[in-house]
Amino acid sequence: MKQALPETGMPSSNSQKSAPDRISALPDDLLLHVMYFLTMQEAVQTSLLSRRWQNLWASLMWLKFDAAKFSSMRTYRKFVNNALMCRISLPEPVPLDAFWIYAACENSDDSLDYSDIHPWIRHALNSKAWALGIMEHSGPKPLSMEGYPFPFTSAYLKILGLCHCSIDDWFAQNLSSCCPVLDGLDSMSCAIHVTMFSSTKLKSLTITSTRTEKDYPSEFQYLVIDMPNLVQCSILSALSNVTNLMVVSASVFEDVVPKVLQHDLLRCETFSTLKRLHLGEWFMSRGCYPLICFLRRSPAMEKLVLQLDKSGDDDYETLPNADAEIDPPCNEAVTTFSCEKLRKIRLHCDLQNDKRAQIIMHNLSAHLCPLPDIKIKPIIVEV
């Protein structure tokens with residue numbers, strides 16, 4: 001105790017000296033639960049209390065290393081390395097649940113390279129962590145994994161958070177195959193150099209990036225997201241600088257996709273550089289609310305393509321309440337506005353008495369003034 005705590009200069013009574021150490025007598029699981037509420041430095045310092053506590057902290061299954069708690073990045077780097085070495089030296093390997101890296105230190109001009117972080121990631125995944133995150137990083141450039149084997153290879157990893165990292169096609173292609181149970185990806189202020197995100201497992205995807213430095217793409221020209229099982233998504237708000245955007249998804253009658261995209265659309269402010277927009281049938285939800293929402297927020301739009309599908313037409317004909325579901329009052333205020341640069345709207349639908357086309361025309365007429373040239377063409381059939 002004298003090594004861990006400073007002298008107080010206050011005398012101790014005989015009863016205090018002879019009092020049993022009831023805290024140390026608690027079971028390991030309960031003590032580890034208490035340590036969960038401590039910083040990692042405080043948890044490690046408990047090893048000075050007695051032999052009973054010497055290696056107890058190393059059995060923690062949630063590890064959070066926060067550089068903001070240190071005087072310099074050098075001491076932070078040394079602390080993390082030593083802490084993980086202590087875990088490795090335990091008589092038996094200890095599994096992990098979660099491993100979080102917060103690598104931003106206001107007191108230091110130094111920063112971490114990926115070479116520093118890679119061994120930490122490997123330790124976490126070798127310890128079967130199901131949640132992993134580089135939650136903060138303040139380096140001058142995005143963390144690049146180039147030259148290393150794909151780091152996120154795990155049969156246990158379910159949640160991955162990345163901040164200030166470079167994400168390219170190599171990363172996207174390996175993520176699905178090397179992390180077969182991954183269902184949540186959070187990309188924060190990352191440099192996205194990806195043409196396609198594809199996964200049949202991912203349920204939650206968040207992309208947030210507002211940087212404009214030279215290491216970041218100025219626009220997402222070719223980004224395709226093919227993730228049919230998404231139930232939670234925050235993407236549209238991160239694509240405010242796109243020039244071309246295609247958001248084609250399931251029918252308006254599919255519950256998950258329209259609700260996810262509508263909720264995400266609420267976060268958006270202005271697509272100031274968007275010139276060409278291609279929307280799937282989900283835009284008809286809630287009285288064409290997503291469509292009107294996009295048009296109001298896209299002052300530079302020149303061409304709009306609206307793509308309906310045959311299955312949606314069948315649903316419309318068979319469901320008795322289809323009119324009420326597709327064409328309720330639009331939540332956007334019924335005030336007209338103009339898209340000065342919008343000259344062409346192309347609508348792909350069934351050319352023979354498609355009621356959906358009537359609803360679209362009704363909503364466009366109620367909000368757009370003047371109404372651009374609208375051409376109706378046959379539904380695009382994929383071969």
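Each chain has its residues counted from 1, following the order in which its sequence is written. Residue-level local features of this predicted model are given only where pLDDT is at least 70; pairs of side-chain atoms are given and counted only at 80 or more, and the full residue set underlies all totals for whole chains, interfaces and linings. Calculation of side-chain values draws on the structure's entire complement of heavy atoms; hydrogens and water are dropped beforehand.

Caption draft 1: Quick peek at helix α6 (residues 169-178). Of all the residues in α6, the buried ones are Phe171, Ala172, Leu175 and Cys178. Mapping the buried residues of α6 onto a view down its axis gives an arc of 155°, with all of them on the same face. Along α6, exposed side chains directed more than 90 degrees from the buried face belong to Gln173 and Ser177. Contact criterion: two residues are considered in contact whenever any of their non-hydrogen atoms come within 4.5 Å of each other. Going along the chain from the N terminus, every DSSP run of H or I of four or more residues is numbered as a helix, and every run of E of two or more is numbered as a strand. The elements touched by buried residues of α6 are β4 (159-163), β5 (166-168), β6 (184-188) and β8 (196-198). Each residue is assigned to one of three classes by its accessible area relative to the maximum for its type, calculated with a 1.4 Å probe on protein chains only: buried under 20%, partly exposed between the two thresholds, exposed over 50%. By definition, the arc is the one covered by directions from the helix axis to the C-beta atoms.

Caption draft 2: Just the pattern of salt bridges, in detail. Definition used for salt bridges: Asp or Glu carboxyl oxygen within 4 Å of a side-chain nitrogen of Lys or Arg. Under the criterion given, the structure shown has four salt bridges. Of the charged contacts in the structure, one is a salt bridge between Asp110 and Arg77, with a shortest N-O distance of 3.1 Å. Note that Asp110 is positioned in the loop between β2 (98-103) and α5 (114-126) and Arg77 in helix α4 (residues 73-88), a separation of 33 residues in sequence. Glu281 is the partner of Arg356 in a salt bridge, and the nearest nitrogen-oxygen pair spans 2.9 Å.

Caption draft 3: Focus on the sheet that holds strand β9 (residues 204-208). Ordered in space as β1-β2-β3-β4-β6-β9-β11, the seven strands form an open sheet in which the pairing is parallel. Of all strands in the sheet, those with a lone pairing partner are β1 (62-66) and β11 (232-234), marking the two edges. On average, adjacent strands in this sheet sit at an angle of 5° to one another, irrespective of strand direction. At least two bridges found by DSSP between two strands are what make those strands a pair. Relative to β9, β6 is paired through five bridges, and the arrangement is parallel. Pairing of Leu185 across the sheet is with Leu205, part of β9. To obtain each axis, a line is fitted to C-alpha atoms, and for helices this fit is confined to the stretch in contact; angles are then taken between N-to-C directions over 0 to 180 degrees. Its contacts with the sheet place α5 against β2 and β3 (131-137), and it is angled at close to 160° to β3.

Caption draft 4: Representation of the packing of helix α8 (residues 285-296) against helix α11 (residues 355-367) within the structure. In the contact formed by α8 and α11, the axes pass within 10 Å of each other and the chain directions differ by 40°. Classed by the angle they form, the pair α8 and α11 counts as oblique. Considering only the axes of α8 and α11, their crossing is right-handed. Contact residues: α8 offers Gly287, Cys288, Leu291, Ile292, Leu295 and Arg296, while α11 offers Ile359, Ile360, Asn363, Leu364 and His367. Residues were grouped as follows: Ala, Val, Leu, Ile, Met, Phe, Trp, Tyr, Cys and Pro as nonpolar; Asp, Glu, Lys and Arg as charged; and all remaining residues, including Gly, as polar. For the contact of α8 with α11, the class distribution of residues is seven nonpolar, three polar and one charged. Throughout, the term roughly parallel applies to angles under 35 degrees, roughly antiparallel to angles over 145, roughly perpendicular to angles from 65 to 115, and oblique to all others. In a left-handed crossing the near helix is turned counterclockwise from the far helix by less than a right angle, and in a right-handed crossing that turn is clockwise.

Caption draft 5: Highlighting empty space enclosed by the protein. Any residue with an atom within 4 Å of a point lines the site, the site being either a cavity, points on a 1 Å grid over the protein atoms alone where a 1.4 Å probe fits but cannot get out, or a pocket, an open set with protein on both sides within 12 Å along at least 5 of 7 lines. Grid points are joined across faces, edges and corners, and a volume is the space filled by probe spheres set on the points. With the rule as written, the count across this model stands at one cavity of 30 Å³ or more. In this structure, the largest cavity encloses a volume near 80 Å³. Taken together, Ala172, Leu175, Ser176, Cys179, Leu182, Phe197, Ser198, Ser199, Leu202 and Met227 make up the full set of residues lining the largest cavity. Listed by contribution, the elements that provide at least two residues to the lining of the largest cavity are α6 and β8. The element that contributes the greatest number of residues to the lining of the largest cavity is α6, accounting for three residues.

Caption draft 6: Spotlight on the sheet that holds strand β16 (residues 373-377). Spatial strand order, β12-β13-β14-β15-β16: five strands in an open sheet with parallel pairing. Whereas interior strands pair on both sides, the edge strands pair on one side only; in this sheet they are β12 (244-247) and β16. Across the sheet, the mean angle separating the axes of adjacent strands is 10° when strand polarity is ignored. Of the pairings in the sheet, the one linking strand β15 (residues 344-348) to β16 comprises five bridges and is parallel in character. In the strand pairing of β16, Ile345 is matched with Ile374. In this fold α11 packs onto β14 (303-307), β15 and β16, with an angle of close to 160° to the strand it touches most, β15.

Caption draft 7: Representation of the state of the cysteines within the structure. Disulfides are defined in this document as cysteine sulfur pairs within 2.5 Å. What the rule picks out here adds up to zero disulfides. Here Cys179 stays unpaired: no disulfide links it, and the sulfur of Cys178, its closest cysteine neighbor, is 6.4 Å away.

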